[in-house]
Amino acid sequence: MELRSTREMRRNEQLTKAMANKTEGQPTAAQTKPTQSKAQPPADKLSLSRQALSWLEEQNRKLWEQDMEREQRRQDRMNDCLSSMESKKKELDAMDKALKVLRICQKIAASIMKGDRVPPEDLKYLMDNDPEGYKMAMAMRRPKEDPEDVESALEEEEKRNTEGSTEAVASGGESTPAPEVPSSGESASTSTE
């Protein structure tokens, strides 16, 4: 399909007329030979005035602007989704840490309620992180004739973290080791110094 403006078509018509007038007087080689007519497929032609051409260009520009606005809105929505996902991930991490703390506090409180002896650092941890749980555990404590010495729940959690980190390193993932919590012997030696 061929698109031309009206001005260009007029100019071409004038050129073809001028060329035809020049060659009218002289027979060409094509005119002297017998003509064999080859059927040429008709070409589709469309002529546009300047007004129509400018209107089409304006419409094309408007469509392009709408596409750009649509693309910008889509990009903004994607950025909003990504930022909300990041904030949700931070919230989830904070909730995960709080759940771990509450799980440790629950183990310590259960040991206290059974009447077992709990290490002093566990009691301090429970008092600092769950004062209401500490009060409840002390109120519901059952006396025992032969209380057991309970292993520190903090050390159990530390062991789990180090086991999990060695498994992650063995599988090719990276993990940071858990922070060391001083045991009861170490805390006593640091307080006497």
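Note: the structure precedes this text.
Residues numbered from 1 in each chain as written. Predicted model: local features only at pLDDT ≥ 70, side-chain atom pairs only at ≥ 80, totals over all residues. Heavy atoms only, no water.

Attention now moves to the overall build of the protein. The secondary structure content of the protein amounts to seven helices and two strands. From first element to last, N terminus to C terminus, the protein shows the α and β order β-α-α-β-α-α-α-α-α. The buried share among the 193 residues of the protein stands at 12%. A fraction of 73% describes how many contacts in the protein between residues 6 or more apart in sequence connect residues 24 or more apart. Accessible area of the protein: about 16300 Å², with a carbon and sulfur share of 54%. (Helix = DSSP H or I, 4+ residues; strand = E, 2+ residues; numbered from the N terminus. Buried < 20%, exposed > 50% of the residue type's maximum accessible area, 1.4 Å probe, protein only. Contact = heavy atoms within 4.5 Å. Areas by Shrake-Rupley, 256 points an atom, 1.4 Å probe, with all protein chains shown as cover.)

Here we take up the nonpolar core. Across soluble globular proteins, you tend to see nonpolar side chains buried next to one another. The biggest cluster of nonpolar side chains holds twelve residues, and these are Ile104, Cys105, Ile108, Ala109, Ile112, Val118, Tyr125, Leu126, Tyr134, Ala137, Ala153 and Leu154. Secondary structure elements with two or more residues in this core: helix H3 (50-114), helix H4 (120-129), helix H5 (131-139) and helix H6 (153-170). Residue contributions to this core peak at five residues, all from H3. (Core = buried A, V, L, I, M, F, W, Y, C linked by side-chain atoms within 4.5 Å.)

A separate point is the side chain of aspartate 122. Inspection of the secondary structure assignment puts aspartate 122 in helix H4. We note that aspartate 122 is buried and unpaired, the nearest opposite charge coming from lysine 107 at a distance of 10.0 Å. When neighbours within four sequence positions are excluded, aspartate 122 is seen to be in contact with Ile108, Glu151, Ser152, Ala153 and Leu154. (Lys, Arg positive; Asp, Glu negative; His and termini not counted. Salt bridge = Lys/Arg side-chain N within 4 Å of Asp/Glu carboxyl O.)

As a further point, take H5. Of the residues making up H5, those classed as buried are Gly133, Tyr134 and Ala137. Angularly, the buried residues of H5 cover 100° about the axis, an arc narrow enough to put them on a single face. Counted as exposed and oriented over 90 degrees from the buried face of H5: Glu132, Lys135, Met136 and Ala139. Elements in contact with the buried residues of H5: H3 and H4. (Arc of directions from axis to C-beta.)

This paragraph deals with H4. Regarding H4, the residues found buried are Glu121, Asp122, Tyr125 and Leu126. Along the long axis of H4, the arc covered by the buried residues comes to 140°, so they all point the same way. Opposite the packed face of H4, turned more than 90 degrees from it, sit the exposed residues Pro120 and Asp128.

Structurally, leucine 126 can be placed in helix H4. Overall, the relative accessible area of 0% leaves leucine 126 in the buried class. With 21 residues separating them in the primary sequence, leucine 126 and cysteine 105 have C-alpha atoms 5.4 Å apart. Beyond its immediate chain neighbours, meaning those up to four positions away, leucine 126 contacts Cys105, Ile108, Ala109, Ile112, Pro131 and Tyr134.

Now for the pattern of salt bridges. Counted under the stated rule, the structure contains ten salt bridges. The partner of glutamate 71 in a salt bridge is arginine 74, and the shortest N-O contact between them spans 2.7 Å. One end of the pair is glutamate 71 and the other is arginine 74, both in helix H3 and three residues apart, which spans about a single turn. Exposure remark for glutamate 71: the relative accessible area of 38% places this residue in the partly exposed category. Note on arginine 74: relative accessible area 37%, which makes it partly exposed. The structure contains a network of salt bridges with shared partners spanning Glu58, Arg61 and Glu65.

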